[in-house]
Structures are given as structure tokens and as C-alpha cells.
Amino acid sequence: MKQYKGYLFDIDGTILLGDTIIPGAKEKIEELRKRGKKIGFFTNNSSKNPKKYMEKFKEFGIESTLDEIITAGIVLLSHIEKNYSNKKVYIIGTEEYKNLYRAKGIHVVDDIQDFKDHNIDILIVALDTELNFKKLETACKLLKKDIKYFAANEDLVYPIENKIYLPDCKAICNMIELCTGKKPIYFGKPNGVMLGFALEKLNLIKEDIVIVGDRLYTDIACGNINDCDSILVLSGEATGKENSPYKPTYILESINNL
């Protein structure tokens, strides 16, 4: 296997399964750090504040920095902050995720009284573990007007322990699309915007890194679409037997086999 300067690790299904660490993940990350490799935790999970990942990793003995944790939610937030910081947004997302916007001074509207004369500029959808019908109803009503519509990531599901899968961001967007016919602009993997964000954080170029993940249509697609090497691990969603247009450079049972 080629030696790389940097490794972009997906988290859910690659490092963690729910609240359980993949066997050998901690030791492998420590080994790579000792060899001078740069590490990025490269996740489409848009429900969490990156600081929570730092805390979670620390519970398992994995040290990390804020710059190493690149989430689809943060990439989308960065786009809003740079281009629409004075706009009002409605977010289908966790309170933890909404608070990231509030901390940047972005006006997050929680309750809309008059949909005929609302002043929301942007609808944002992220992985929302606090999802309820009211949020979906609000999104459908907002999209009756021509407002901007962004979503964090294209994952349909995310894996937890015992091969159980739960609805992710795109599953929420698919429900909204069935009702409104409208699709969002996505920012997470496999989008090149997210890869560029990660490379800038780690001060690397794409020829220097490999993307490691358990999902073909996001992790491996990100490598294929953006001309990067990739490693598919079989510790999460993929089995290695899928008929997919996205082909990894390597297939391993888990991160422990790097």
C-alpha cells in the first residue's frame, strides 16, 4: 500500500459504531501519528458540535484537535457565515447544531407564525436526531416560496451498533422532496467543497492523502470524484460485494488492517 502524508478518516462506521470504538482504531491512529502522518476526522455527521467529537474520542484515549475534525455541518456553516451571515435561517437540525450558528451571530428562527409573509431566507437541513413532524411541515411550507435550500450531507442512513441503521440527512430531504419536488444543494462528502475544506485545514494537497471510510456513495465517491485514493473498510455499512460505480483503491476489513 502506498504511504500517505495524511489520512482522512470517516467516523461513524470507521472509527466508532454508535458509542463503541472499532477494535484497534485507537492504536492505529497512535501508530500513524508516531510516524508523522497528519490525521483528519472527516465525517458527514452534521448533528454534533465538533467539540463533542473531541470529548468522545478522549473517552476512548484518542487525542484530537478542533482543526482535525471536519464535519459536513461545519462546512455548510462556513458557507453561510461567508456568504449569508446577515440572512435569517430555519434549520432542521439538533439544538447543538443550531447553537453553532447562533454563536456566529446568524439569526436562527425557531417558530414561524405567518407563512404567507415569512421573512426566512434560507432553509437548512442537517442530521436531526430531534426531528418531529412540525419541523417537516414548516420546511414544506417554507419551500412554497423561492428561498435558498441547503443540506449538510447526502447520507441516507448512519450505522450504530449491531448493524442497525438510522435515518440520516438525505432521508429527511427525501421526505421533503416527495412533498415539494425540491432538492437541496448538499455540502458534505462526496462534494469537493468538503474535501477542499479538509485539505486547507491540514495544509495538504489531494495527492498526499487517502480517504478512509465505510460508505461507497460518500466516502469512496469522494475519492473517485476528486481524484484521491480511498480505502473502503467493512466495519460499517459496506460489505465489499456491492455493485457500485465507485471503486476504492483498497478494501480492508477495518482501520486496524492499515
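Here's what I pulled together on the structure shown here. (Residues numbered from 1 in each chain as written. Predicted model: local features only at pLDDT ≥ 70, side-chain atom pairs only at ≥ 80, totals over all residues. Heavy atoms only, no water.)

## Focus on the overall build of the chain
What the chain contains, in helices and strands, is 8 helices and 15 strands. Over its C-alpha trace the chain gives a radius of gyration of 18 Å, about what one expects of a compact globule, namely 18 Å for 258 residues. Each principal axis of the C-alpha atoms in the chain carries an extent, and together these give about 60 × 35 × 35 Å. Looking at the chain residue by residue over its 258 residues, the buried ones come to 52%. Put simply, of all contacts in the chain between residues at least 6 apart along the chain, 67% involve residues at least 24 apart. Here the chain displays about 12000 Å² of accessible surface, and carbon together with sulfur accounts for 51% of that area. Looking at charge distribution, the chain has the averaged site of its 37 positive side-chain charges lying 3 Å from that of its 38 negative ones. (Helix = DSSP H or I, 4+ residues; strand = E, 2+ residues; numbered from the N terminus. Rg over C-alpha atoms; globule rule 2.2 N^0.38 Å. Buried < 20%, exposed > 50% of the residue type's maximum accessible area, 1.4 Å probe, protein only. Contact = heavy atoms within 4.5 Å. Areas by Shrake-Rupley, 256 points an atom, 1.4 Å probe, with all protein chains shown as cover. Lys, Arg positive; Asp, Glu negative; His and termini not counted. Charge placed at Lys NZ, Arg CZ, Asp CG, Glu CD.)

## Section: the sheet that holds strand S8 (residues 122-125)
The 5 strands lie next to each other as S7-S6-S8-S9-S12, forming an open sheet whose pairing is parallel. Only two strands of the sheet have a single partner each, and these edge strands are strand S7 (107-108) and strand S12 (185-186). The sheet contact formed by strand S6 (residues 88-92) and S8 spans 4 bridges and is parallel. Note on S8: the bridge partner recorded for Ile91 is Ile124. (Pairing = 2+ DSSP bridges.)

## Observations concerning the environment of Arg35
Within the secondary structure, Arg35 is located in the loop between helix H1 (25-34) and strand S4 (38-43). Judged by its relative accessible area of 40%, Arg35 falls in the partly exposed class. Note: C-alpha distance between Arg35 and Leu252 (217 residues apart in sequence) is 20 Å.

## Some points on the pairing of S8
For a regular strand, side chains alternate in direction, first toward one face of the sheet and then toward the other. With burial as the criterion, each face of S8 is covered, one bearing Ile122 and Ile124 and the other bearing Leu123 and Val125. Here S8 runs beside strand S9 (residues 148-151); their pairing, made up of 4 bridges, is parallel. Across the sheet, Val125 pairs through a bridge with Ala151, a residue of S9. One crossover worth recording links S8 to the parallel S9 by way of helix H5 (residues 133-142), and it is right-handed. (Right-handed = clockwise from strand over helix to strand, strands pointing away.)

## Considering the packing of helix H3 (residues 72-83) against helix H7 (residues 192-202)
It is the contact of H3 with H7, at a shortest axis distance of 10 Å, that shows an interaxial angle of 95 degrees. Considered as vectors, H3 and H7 are oriented roughly perpendicular to each other. Of the residues in H7, those touching H3 at Ala72, Ile74, Val75 and Ser78 are Val193, Met194 and Phe197. Looking at side-chain class alone, the contact of H3 with H7 contains 6 nonpolar, 1 polar and no charged residues. (Axes fitted to C-alpha atoms, helices over the stretch in contact; angles between N-to-C directions. Parallel < 35°, antiparallel > 145°, perpendicular 65-115°, else oblique. Nonpolar A, V, L, I, M, F, W, Y, C, P; charged D, E, K, R; others polar.)

## Some details on empty space enclosed by the protein
Taken as a whole and assessed by the stated rule, the structure comprises 1 cavity of 30 Å³ or more. Residue lining of the largest cavity: 15 residues in total, with Asp10, Asp12, Asn44, Asp155 and Arg215 positioned closest to the centre. For the lining of the largest cavity, the elements supplying multiple residues, two or more each, are strand S10 (157-160) and helix H8 (216-225). Of the residues in the lining of the largest cavity, the class split is 2 nonpolar, 5 polar and 8 charged. (1 Å grid on protein atoms, 1.4 Å probe; cavity = no way out; pocket = protein on both sides within 12 Å on 5 of 7 lines; lining within 4 Å. Points joined across faces, edges and corners; volume = space filled by probe spheres on them.)

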